[in-house]
There are 4 protein chains.
Amino acid sequence: MTKKPTKAATPTAARADAKGRAPADAAPASNRATRAAERRSAIVEAAMEEFIARGFAATRLDDIAKRAGVAKGTIYLHFKDKESMFEELVRTVIVPVVAKLNALPPPTGSVRDLVEAFAGNFLKEVIGTRRGDLVRLIVAEGPRFPSVADFYYREVVSRGIAGMRALIELGIARGEIREKNLARYPQILVAPAMIAVIWQSLFARHAPLDAQDMLRVHLDLIFGERRTT
Amino acid sequence: MTKKPTKAATPTAARADAKGRAPADAAPASNRATRAAERRSAIVEAAMEEFIARGFAATRLDDIAKRAGVAKGTIYLHFKDKESMFEELVRTVIVPVVAKLNALPPPTGSVRDLVEAFAGNFLKEVIGTRRGDLVRLIVAEGPRFPSVADFYYREVVSRGIAGMRALIELGIARGEIREKNLARYPQILVAPAMIAVIWQSLFARHAPLDAQDMLRVHLDLIFGERRTT
Amino acid sequence: MTKKPTKAATPTAARADAKGRAPADAAPASNRATRAAERRSAIVEAAMEEFIARGFAATRLDDIAKRAGVAKGTIYLHFKDKESMFEELVRTVIVPVVAKLNALPPPTGSVRDLVEAFAGNFLKEVIGTRRGDLVRLIVAEGPRFPSVADFYYREVVSRGIAGMRALIELGIARGEIREKNLARYPQILVAPAMIAVIWQSLFARHAPLDAQDMLRVHLDLIFGERRTT
Amino acid sequence: MTKKPTKAATPTAARADAKGRAPADAAPASNRATRAAERRSAIVEAAMEEFIARGFAATRLDDIAKRAGVAKGTIYLHFKDKESMFEELVRTVIVPVVAKLNALPPPTGSVRDLVEAFAGNFLKEVIGTRRGDLVRLIVAEGPRFPSVADFYYREVVSRGIAGMRALIELGIARGEIREKNLARYPQILVAPAMIAVIWQSLFARHAPLDAQDMLRVHLDLIFGERRTT
DNA sequence: TATGAATGAGACTTCATTCAT
DNA sequence: CATGAATGAAGTCTCATTCAT
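Residues numbered from 1 in each chain as written. Chains lettered and ligands numbered in written order. Predicted model: local features only at pLDDT ≥ 70, side-chain atom pairs only at ≥ 80, totals over all residues. Heavy atoms only, no water.

Caption draft 1: Quick peek at the overall build of chain A. Each helix and strand counted, chain A has eleven helices and zero strands in total. Each helix and strand of chain A, placed in order from N terminus to C terminus, yields the pattern α-α-α-α-α-α-α-α-α-α-α. Scored against the burial criterion, the 229 residues of chain A give a buried share of 43%. Contacts in chain A between residues far apart in sequence, at least 24 positions, make up 68% of those at least 6 positions apart. Surface accessibility of chain A: about 11900 Å² in total, with carbon and sulfur atoms responsible for 56%. (Helix = DSSP H or I, 4+ residues; strand = E, 2+ residues; numbered from the N terminus. Buried < 20%, exposed > 50% of the residue type's maximum accessible area, 1.4 Å probe, protein only. Contact = heavy atoms within 4.5 Å. Areas by Shrake-Rupley, 256 points an atom, 1.4 Å probe, with all protein chains shown as cover.)

Caption draft 2: Fine view of helix α9 (residues 146-173) of chain C. All names here are of chain C. For α9, which comprises 28 residues, the first-to-last C-alpha distance of 38 Å matches the rise-based estimate of 40 Å (1.5 Å per residue) to within 8%. Of all the bends in α9, the greatest measures close to 45° and is centred on Y153. Positive phi appears at G175, one or two residues downstream of α9, with a value of about 80°. (Expected span 1.5 Å × (residues − 1). Bend = angle between axes of the 7 residues up to and from the residue.)

Caption draft 3: Summary view of the relation of the copies chain A and chain B. After a rotation of 179° and a shift along the axis of 0.1 Å, chain A superposes on chain B with an RMSD of 0.3 Å. Expressed as an axis order, the relation between the two copies is that of a two-fold axis. Relative to the rotation axis, the closest C-alpha in chain A is found at A140 of chain A, a distance of 2.1 Å. (Least-squares fit on C-alpha atoms with pLDDT ≥ 70 in both.)

Caption draft 4: Just the interface of chain C and chain D, in detail. The interface is formed by 48 residues belonging to chain C together with 48 residues belonging to chain D. Taken together, the two surfaces of chain C and chain D that pack against each other cover about 4300 Å², and 70% of this comes from carbon and sulfur. Three residues stand out in chain C for area buried against chain D, namely Y153, Y185 and L221 of chain C, and they jointly supply 15% of the buried area on that side. Between chain C and chain D we count four salt bridges in total. We note a salt bridge from D213 of chain D to R184 of chain C, for which the minimum N-O separation is 2.3 Å. (Buried area = accessible area lost by both parts, 1.4 Å probe. Salt bridge = Lys/Arg side-chain N within 4 Å of Asp/Glu carboxyl O.)

Caption draft 5: Inspection of the interface of chain A and chain B at higher detail. Taken together, the contacts link 48 residues of chain A with 48 residues of chain B. For the pairing of chain A and chain B, the buried interface totals around 4300 Å² over both sides, and the portion due to carbon and sulfur atoms is 70%. Considering only the side of chain A, the residues that lose the most area to chain B are Y153, Y185 and L221 of chain A, jointly responsible for 15% of the buried surface there. At the boundary of chain A and chain B, one finds four salt bridges. Where chain A touches chain B, the interface holds twelve residue pairs in polar contact (both at pLDDT 80 or more). Elements with a contribution of two residues or more to the side of chain A that touches chain B: α3 (32-54), α8 (130-141), α9 (146-173), α10 (186-203) and α11 (211-223) of chain A. Here the side of chain A that touches chain B takes ten residues from α10 of chain A, the largest share from any one element. Here the side of chain A that touches chain B is composed, by residue class, of 30 nonpolar, six polar and twelve charged. (Polar contact = N/O pair within 3.5 Å; in protein donor to acceptor, adjacent residues only side chain to side chain. Nonpolar A, V, L, I, M, F, W, Y, C, P; charged D, E, K, R; others polar.)

Caption draft 6: Spatial organisation of the side chain of Q187 of chain A. Among the secondary structure elements, Q187 of chain A is positioned in helix α10. For Q187 of chain A, a relative accessible area of 6% gives the class buried. Every residue in contact with Q187 of chain A, bar those within four places of it in the chain, is listed here: I161 of chain A together with I195, W199, L209 and M214 of chain B.

Caption draft 7: The relation of the copies chain C and chain D, seen in detail. Placing chain C over chain D gives an RMSD of 0.2 Å and needs a rotation angle of 179°, together with 0.1 Å of translation along the axis. Most of the interface of chain C is mirrored in chain D: 100% of its interface residues are interface residues there too.

Caption draft 8: Main features of the UniProt feature "DNA-binding region" (unreviewed entry) in chain A. Here the UniProt feature "DNA-binding region" (unreviewed entry) sits at residues 60-79 of chain A. Helix makes up 75% of residues 60-79 of chain A and strand makes up 0%, while its end C-alpha atoms are separated by 15 Å. (UniProt positions renumbered as here; feature names shortened; annotations may be inferred.)

Caption draft 9: Representation of the pattern of salt bridges. One pass over the full model with this rule turns up 77 salt bridges over all chains. With a closest N to O distance of 3.4 Å, E125 of chain B and K100 of chain B form a salt bridge. Linking E125 of chain B in helix α7 (residues 111-125) with K100 of chain B in helix α6 (residues 82-102), this pair joins segments that are 25 residues apart in sequence. You can call E125 of chain B partly exposed: its relative accessible area is 24%. For K100 of chain B, a relative accessible area of 48% gives the class partly exposed. Note that D63 of chain D is salt-bridged to R54 of chain D, the shortest N-O span being 3.8 Å. Taking the relative accessible area as the measure of exposure, D63 of chain D reaches 15% and is therefore buried. Look at R54 of chain D and you get partly exposed, because its relative accessible area is 30%. Bridged by salt links that share partners, the residues E50, R54, R60, D63 and R67 of chain A form one connected network.

Caption draft 10: Focus on the confidence of the model for chain A. Confidence in the prediction for chain A averages 85 pLDDT; 85% of positions are at 70 or higher. Confidence drops under a pLDDT of 50 for residues 1-28 of chain A, and excluding neighbours within four residues, the segment shows 13 contacts in the predicted structure. (pLDDT = per-residue confidence, 0-100.)

Caption draft 11: The packing of aromatic side chains, seen in detail. Residues and elements named next belong to chain A. Overall, the coordinates contain 36 aromatic pairs over all chains when judged by the stated rule. By the ring-pair criterion, three or more aromatic residues cluster together here, those being F51, F56, F86 and F145. It is R91 that lies over the ring of F151; its NZ or CZ is 4.9 Å from the centre. (Phe/Tyr/Trp six-rings, centres within 6.5 Å; stacked < 30°, edge-to-face > 60°. Lys NZ or Arg CZ within 6 Å of the ring centre and 35° of its normal.)

Caption draft 12: Layout of the environment of A57 of chain D. By the secondary structure assignment, A57 of chain D is in the loop between α3 (32-54) and α4 (61-68). Between the C-alpha atoms of A57 of chain D and K82 of chain D, which are 25 residues apart in sequence, the distance is 9.4 Å.

Caption draft 13: Structural detail: helix α7 (residues 111-125) of chain A. Residues and elements named next belong to chain A. Given a rise of 1.5 Å per residue, 15 residues ought to cover 21 Å, and the 21 Å separating the end C-alpha atoms of α7 matches this to within 8%. For α7, every residue scored as buried is listed here: V111, R112, V115, A119, F122 and L123. Projected down its long axis, α7 shows its buried positions confined to an angular sector of 105°, all on one face. Next to the buried residues of α7 lie α9, α10 and α11. (Arc of directions from axis to C-beta.)

Caption draft 14: Fine view of the environment of R144 of chain B. All names here are of chain B. With respect to the secondary-structure elements, R144 resides in the loop between α8 (130-141) and α9 (146-173). Residue classification places R144 among the partly exposed positions, given a relative accessible area of 25%. Separated by 88 residues in the primary sequence, R144 and F56 have C-alpha atoms spaced 9.7 Å apart. At 2.8 Å, the side chain of R144 and the backbone oxygen of A140 are in polar contact.

Caption draft 15: The packing of α6 of chain B against α8 of chain B, seen in detail. Residue and element names in this part refer to chain B. Two elements in contact, α6 and α8, have axes separated by 12 Å at closest approach and are oriented at 140°. Here α8 runs oblique to α6, going by the angle between their axes. Regarding α6 and α8, the two cross each other, and that crossing is left-handed. Residues F86, V90, V93, I94 and V97 of α6 form the contact with α8, whose participating residues are R131, L134, L137, I138 and E141. Residues that form the contact of α6 with α8 fall into these classes: eight nonpolar, no polar and two charged. (Axes fitted to C-alpha atoms, helices over the stretch in contact; angles between N-to-C directions. Parallel < 35°, antiparallel > 145°, perpendicular 65-115°, else oblique. Left-handed = near helix turned anticlockwise from the far one by under 90°.)

Caption draft 16: Region of the structure containing the packing of α9 of chain A against α10 of chain A. Residues and elements named next belong to chain A. In contact at an axis separation of 8 Å, α9 and α10 are set at 110° when each is read in the N-to-C sense. As the angle between them shows, α9 and α10 are arranged roughly perpendicular. Where α9 crosses over α10, the two elements pack in a sense that is right-handed. Along the contact surface, α9 presents I161, M164, R165 and I168, while α10 presents P186, Q187, L189 and V190. Looking at side-chain class alone, the contact of α9 with α10 contains six nonpolar, one polar and one charged residues.

Caption draft 17: Quick look at the side chain of E176 of chain B. Residue and element names in this part refer to chain B. One can find E176 in the loop between α9 and α10 (186-202). The buried charged residue E176 lacks any salt bridge partner; its closest oppositely charged side chain belongs to R174, at an N-O distance of 4.1 Å. A distance of 2.8 Å separates a polar atom in the side chain of E176 from the backbone nitrogen of V111. Among residues more than four places away in sequence, those in contact with E176 are S110, V111, R112, G171, I222 and F223. (Lys, Arg positive; Asp, Glu negative; His and termini not counted.)

Below, the structure is given as structure tokens:
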């Protein structure tokens, strides 16, 4: 796909650096460190595609290298071996997700609106995207990569559960949610979303699922049906 | 665990066969066809353990053979190759599940009782058991084995969804379920159960989940909280 | 050299086994165990040639396999990995040498005659032969294979030194050897022989060494010059 | 051990060079040629350590570079490739030895005294030192590096043999040595010393060898036991 | 039918060498 | 001159599959 883009694209700029002073602000500085970072992220990108498509064991480093447009040996400049590549990869991809979770706005409107906004975001950013496939990949490889499962639990699941619980308690306090025991199992709140993620990966071509509509019905179940829409 | 049971149990009979005489009295019920079937099911059993533990690509036929107590070559007398073994295996294991789904008793009591009975059964037979791991295995390998995903969808998922939908519609008709849109998404009904299955595989050691209690809360959400318990 | 000799040479005999009873004593039983042993020794033979020619690190398993007439994978049926192959190889080759040392005849004639007989044997069996090269190989790789050096010291060197010391003490007691301190350093007795081994490996083409004559002169030094020869 | 000494010591000067100005006053004695020579000898030093420790094939240029405190590419400014580095290295290290051999004082005292002095020097300078390991390295790699073996034979062995022969003949002429044939095999004179070198490398930890005492016994054998000591 | 030794393609990983900076 | 990131050939080892017994 993106074969050797950096190397081919910026030889002139690179040479310019060598000749004179640093190109103040004009060129985005395609220096060594930058190039290394670009390569690394090309590898991460390619690796994610391959791991998602084939799983850990069936993925060949050769294919990752080819897709990333680097030589096989280059991978080993960035990662110790295939296993740690997989583990670091998951971390790398998950970190921005965690950042977003942490940057959630404080609850101002109704709880239902909040949850709905959250679900909308999830629909757009996760379900049916590569990020959704990553979730499936973690489910698939988790038992063989405890460190990955641990990381995912610690950084995403436990925080997500905690956040959902807080929302649910707020909803109960405000009288938006009747079922008080729901606070004990925030998993119920997110279960349909997770199922939607998996469904799209596995059964989309047999029976496409209108995830948005399904989540709305689920919220109706929890918050009571809306009058106005 | 069950190492070399077949081999250990019938070496004499086996050798007798090789020489040409019939194993007349030794094991009257254990004729050739029966023994072949026994071997096959030993292989299936062993293969499932290994595939669940390591996934398709990382599982070695050597290990399956050892666990099943047969020689590596024997596997090829029953299966064309590793891939078809995996596909047939999933079919073989799933068939009894389908049979059970089909043998469900006609709805007599309340819908909630029926669903609860069904959930109870699911808890006992699937969550935290090897069958639950099979679900995770299918999620993991589905994209690489479309035929497996297809089979699973056709035999289990679509039937399950249809069955659930019928129950939900009955519940709506009887006034047990208020949320009429639920019939469009029976997935919502089973989502927490699926999540429980996955949770037990991945996060049980971080945060054990009381699946039974969670499912009860979920049913309360759908059917309304029970007065008497 | 000996490419696939077994496989090509004995298919008929092998098939004969399958058809009827075991071929009592006529054919030397080319059964599985025998064939395996033959293969193993072909590998050992080939490996020794290669290791001697190139040293441990520079030897390719591919070349060993080719020379032994087996597939690469076959090596791994007999040896865990390259390192243990090397270690076992040295052991395997050295054992018969040790056996010979142990089977030395009891001292009957003069000590000089005994030592001379021993030296003659050494000349014929070691110097300029592959066994001599093995000595050089051990000298070369010893520091990187402590277990090999240990084994060689324990099985060959320490026994050889002890045996030489006994002979020297006998020689002193009988008045054949004047230098009494020699018993403290049997190494002196064998040093020229060892040097001859190494010399032949390294410098034979620059300056061939008449090892036999040199050893005779050395013995003259120790036992005094012979009157009659 | 001596990590990156060069690099750490002269970064400023080095950078100054790169820009084009002469490092006028900073390091007057350390001009370009000198620094290059220093680098080269750092590489030689490091390479010898590594080659001795691991042998030619198993030594990585990376490790040599690290130990020498230079970048990997720098090695290629001084040596064509790994092989010629090894060959030149041996030459470089051996030259001073040859110089010493040539600078031997003319025989004035008794031959035994001369030989003893020589042996003493050998003990101090070679046995148990890195130079001794170099001998073992040549024994190990000689067959794969004929040019090294040739060089070593021409520069060291043949000269050493010639020198020893001259001494032996002198000893015979003066009546200090009785065994006249010894002149034909000066190897006998040095054999125990060589054995001592090898012994220390391989078996020192199993059975330490008092090389000095052994050599004295050996000389007693050749020159006859001393009255006074 | 059952066996398991043998095979060899193919995977991961290393490392000598190059070259833009 | 010096650097070290990048390369890719080549090596070790694994394992699905075959086939003589």
